[in-house]
Amino acid sequence: MSTTYTLFKFEGIDFDDPYLYRSTVGALHYLGFTRPDIAFTVHKVSKFMHQPKDVHWQAVKHILRYLKYTVNYGLHISHQSDHTLQGFSDADWAGDIDD
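What you see is a predicted model; the values in this text were computed from it and never measured. (Residues numbered from 1 in each chain as written. Predicted model: local features only at pLDDT ≥ 70, side-chain atom pairs only at ≥ 80, totals over all residues. Heavy atoms only, no water.)

K.L.:
In this structure, what is going on with helix H3 (residues 54–69)? I would like to understand it.
P.N.:
Between its first and last C-alpha atoms H3 spans 23 Å; for 16 residues at 1.5 Å apiece the expected length is 22 Å, and the two agree. For H3, the elements touching its buried residues are helix H1 (18–31) and helix H2 (39–46). (Helix = DSSP H or I, 4+ residues; strand = E, 2+ residues; numbered from the N terminus. Expected span 1.5 Å × (residues − 1). Contact = heavy atoms within 4.5 Å.)

K.L.:
Is there a simple way to think about the packing of H2 against H3 in this case?
P.N.:
What describes two packed helices is the angle between their axes and the distance between those same axes. Viewed as axis vectors pointing N to C, H2 and H3 meet at an angle of 160°, and their least axial separation amounts to 10 Å. In this view, H2 runs roughly antiparallel relative to H3, as classed from their interaxial angle. Crossing of H2 over H3 shows left-handed handedness. Within the contact between the two elements, H2 uses Thr-41, Val-42 and Val-45 and H3 uses His-56, Ala-59, Val-60 and Ile-63. Of the residues belonging to the contact of H2 with H3, the class tally is five nonpolar, two polar and no charged. (Axes fitted to C-alpha atoms, helices over the stretch in contact; angles between N-to-C directions. Parallel < 35°, antiparallel > 145°, perpendicular 65-115°, else oblique. Left-handed = near helix turned anticlockwise from the far one by under 90°. Nonpolar A, V, L, I, M, F, W, Y, C, P; charged D, E, K, R; others polar.)

Given below as structure tokens:
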């Protein structure tokens, strides 16, 4: 998902199975431990767990299709790995118009 693509809280019609949406996004959270490349998009779609819309479900399906075609990607940790932890943070508190 592009960082410039925005999902809105009230865009689209209500998704007909919120339980499916919540359980799928919850499973994607656990998958994010070994697939940090999906962390940004999973965070984006998890903001709409309380009232998912059809466009939010389309974004979840896009993540699932990405995972299907990148099944061999992942974070591989071995005992000979360098255990240096590096991180990056970019806060844009004013960029979310729903908050």
